[in-house]
Amino acid sequence: QVQLVESGGGLVQAGGSLRLSCAASGRTFSSYAMGWFRQAPGKEREFVAGISWSGGSTYYADSVKGRFTVSRDNAKNTVYLQMNSLKPEDTAVYYCAADRRGTVVAGVCTECSWGQGTQVTVSS
């Protein structure tokens, strides 16, 4: 099992940018597809973005397409989420997830390992 630690959250004004990082433990990071999810108060957790094992394929929710970019550095055991043009509706706790099966890139996470989350707050 992989352990995940997110960082990079914070308070930003609408239109601003943040970059989230998710550091993974272990030597098998490249065998996991990775995903980012978010959960706003009173709402269910939702898929944001996913990236394949090698990083060659990326996937996005329609709500963030064109504004967010997911990437990974397998040498550093880290996945990133660059968030630009942030909106108040992006306010949520953001979680990264690791999945050997790969379905996380489609927002399906039945056997994922999860991080503890990082808060992103976008003020209007």
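Residues numbered from 1 in each chain as written. Predicted model: local features only at pLDDT ≥ 70, side-chain atom pairs only at ≥ 80, totals over all residues. Heavy atoms only, no water.

Trainee: Even after reading the chapter, I still don't get the sheet that holds strand β3 (residues 18–24), so can you show me in this structure?
Mentor: In sheet architecture, strand pairing relies on hydrogen bonds along the backbone and comes in two forms, parallel and antiparallel. On the basis of which strands lie adjacent, the open sheet formed by four strands has the order β1-β3-β8-β7 and antiparallel pairing. Since the sheet does not close on itself, it has two edges, and those belong to β1 (4–7) and β7 (68–73), each with one partner. In this sheet, adjacent strand axes meet at a mean angle of 15° when their direction is disregarded. Of the strand pairs in this sheet, β1 and β3 are connected by four bridges, and their pairing is antiparallel. The residue of β3 that forms the bridge with Ser7 is Ser21. (Pairing = 2+ DSSP bridges. Helix = DSSP H or I, 4+ residues; strand = E, 2+ residues; numbered from the N terminus. Axes fitted to C-alpha atoms, helices over the stretch in contact; angles between N-to-C directions.)

Trainee: Would you take a moment to explain the pattern of salt bridges for this structure?
Mentor: Pairing is possible between side chains that carry opposite charge, provided their charged atoms lie close to one another. Within this structure, the stated rule accounts for five salt bridges. Here Arg67 makes a salt bridge to Asp90, at a shortest N to O gap of 2.8 Å. Here Arg67 is found in the loop between β6 (58–60) and β7, whereas its partner Asp90 is found in the loop between β8 (78–83) and β9 (92–99), with 23 residues between them in sequence. Both residues of the pair, Arg67 and Asp90, belong to the buried class. A salt bridge links Glu111 to Arg101; its shortest N-O distance comes to 3.7 Å. With Glu111 in the loop between β9 and β10 (113–114) and Arg101 in the loop between β9 and β10, this residue pair connects regions lying 10 residues apart in the sequence. (Salt bridge = Lys/Arg side-chain N within 4 Å of Asp/Glu carboxyl O. Buried < 20%, exposed > 50% of the residue type's maximum accessible area, 1.4 Å probe, protein only.)

Trainee: Looking at this structure, how should I read the side chain of Ser113?
Mentor: Within the secondary structure layout, Ser113 lies in strand β10. In this structure the side chain of Ser113 is engaged in a polar contact, spanning 3.2 Å, whose partner is the side chain of Gln1. With near-sequence residues (within four places) excluded, Ser113 lies in contact with Gln1, Val2, Leu4, Cys96, Ala97 and Ala98. (Polar contact = N/O pair within 3.5 Å; in protein donor to acceptor, adjacent residues only side chain to side chain. Contact = heavy atoms within 4.5 Å.)

Trainee: Explanation requested: the state of the cysteines in the structure shown.
Mentor: On inspection of all chains with the given rule, the structure shows two disulfides. The disulfide bridge from Cys22 ends at Cys96, spanning 1.9 Å between sulfur atoms. Here Cys22 and Cys96 share a disulfide; its torsion about the S-S bond, 50°, makes the bridge right-handed. Within this pair, whereas Cys22 is found in strand β3, its partner Cys96 is found in strand β9, the two being separated by 74 residues in sequence. Of the two residues, Cys22 and Cys96, both sit in the buried class. When the bonded cysteines of the protein chain are counted from the start of the sequence, the pairing works out to 1-2, 3-4. (Disulfide = S-S within 2.5 Å.)

Trainee: Looking at this structure, I do not really get the environment of Pro88. What am I missing?
Mentor: Structurally, the position occupied by Pro88 is in the loop between β8 and β9. Spatially, the C-alpha atom of Pro88 lies 9.2 Å from that of Gly15, the residues being 73 residues apart in sequence. Apart from the residues within four sequence positions on either side, Pro88 is in contact with Ala14, Val122 and Ser124.

Trainee: Please clarify how the pairing of strand β11 (residues 118–123) should be interpreted in this entry.
Mentor: Strand residues, when the strand is regular, have side chains that alternate between the two faces of the sheet. Going residue by residue along β11, you find Thr118, Val120 and Val122 tucked away on one face and Gln119, Thr121 and Ser123 left uncovered on the opposite face. Where strand β2 (residues 10–13) lies against β11, four bridges are found, and the strand directions are parallel. Residue pairing for β11: Gln13 is matched across the bridge by Ser123.

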